[in-house]
Amino acid sequence: MTVTVVAIFDEFNPHAPLAKVLKERLIRLASDLQNVHLKSLASMPPMDDDIVIYISYNLKYSVRWRIANDVPDFVEKEVAQICALQGYIVWKTSTVNVFKGNK
């Protein structure tokens, strides 16, 4: 399984005090999560699948995470456990527009 962790800066104010430090920290945390903490997922089946995890700051500058693609439940639980141990919170998202086909 290929693990990719992406640092997202969408709600991050680039003009905030310490913006450069916070950005560099988030990039480092993404790298550590991918290369150290989630390294065990690389050997989990199915071997040809990918997992993409987004991390970002919330409005209170806590690190939050979410899985960006569909993965098996056991992989999602493993990621949730590892992120919880790191002190990261679940990224609560609003429902995305659901495609409705014409009938």
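To keep things clear, this report deals only with the structure shown in the data block. From a predicted model like this one, the values you see are computed outputs, not experimental measurements. Residue numbers restart at each chain and count upward from 1, following the sequence in its written direction. Given that the model is predicted, a residue must reach a pLDDT of at least 70 before its local features are reported, and side-chain atom pairs must reach 80 or more before they are shown or counted; all residues, however, enter totals for whole chains, interfaces and linings. Only hydrogens and water are set aside when side-chain values are computed; all heavy atoms of the structure are taken into account.

1. Observations regarding the nonpolar core
For soluble globular proteins, nonpolar side chains are generally found buried alongside one another. Within the largest apolar cluster, 25 residues are counted, with the highest numbers of intra-cluster contacts made by Leu38, Ile51, Ile53, Ile55 and Val79. The helix count covers DSSP runs of H or I at least four residues long, the strand count covers runs of E at least two residues long, and both are numbered beginning at the N terminus. Per-element tally for this core: the top contributor is helix α1 (residues 19-37), with 5 residues. Other than its neighbours up to four places away in sequence, Ile55 contacts Val5, Val6, Ala7, Ile8, Leu26, Leu29, Ala30, Leu33, Val63, Arg64, Trp65 and Trp91. Put simply, a nonpolar core is a bunch of buried Ala, Val, Leu, Ile, Met, Phe, Trp, Tyr and Cys residues held in one set by side-chain atoms that sit within 4.5 Å of each other. When accessible area is computed with a 1.4 Å probe and restricted to protein chains, residues below 20% of their type maximum are described as buried, those above 50% as exposed, and intermediate ones as partly exposed. Throughout, a residue-residue contact means that at least one pair of heavy atoms, one from each residue, lies within 4.5 Å.

2. What about the packing of aromatic side chains?
Any two of the Phe, Tyr and Trp rings considered here, Trp counted by its six-membered ring, make a pair once their centres fall within 6.5 Å; the pair's planes then place it as stacked at under 30 degrees, edge-to-face at over 60, or tilted in between. Under the definition given, this model contains 1 aromatic pair. Lysine and arginine charges are scored as sitting over a ring when NZ or CZ, respectively, is within 6 Å of the ring centre and within 35 degrees of the ring normal. The lysine or arginine in question, Lys23, covers the ring of Phe9, its NZ or CZ lying 5.3 Å from the ring centre. Stacked on the ring of Trp91, the Lys or Arg Arg66 has its end atom at 4.7 Å from the ring centre.

3. Quick word on the environment of Met44
Relative to the helices and strands, Met44 resides in the loop between α1 and β2 (50-57). For the pair Met44 and Thr2, spaced 42 residues apart in the sequence, the C-alpha separation amounts to 9.6 Å. Those residues in contact with Met44, other than ones at most four positions away along the chain, are Met1 and Phe74.

4. Some words on the pairing of strand β1 (residues 2-7)
Residues Val3, Val5 and Ala7 line the buried face of β1, whereas the alternating positions Thr2, Thr4 and Val6 sit on a face that is not buried. Strand pairing requires that DSSP identify at least two bridges connecting the strands. Here β1 pairs with β2 via 6 bridges, running parallel. By the bridge assignment, Val3 is partnered in β2 with Ile51.

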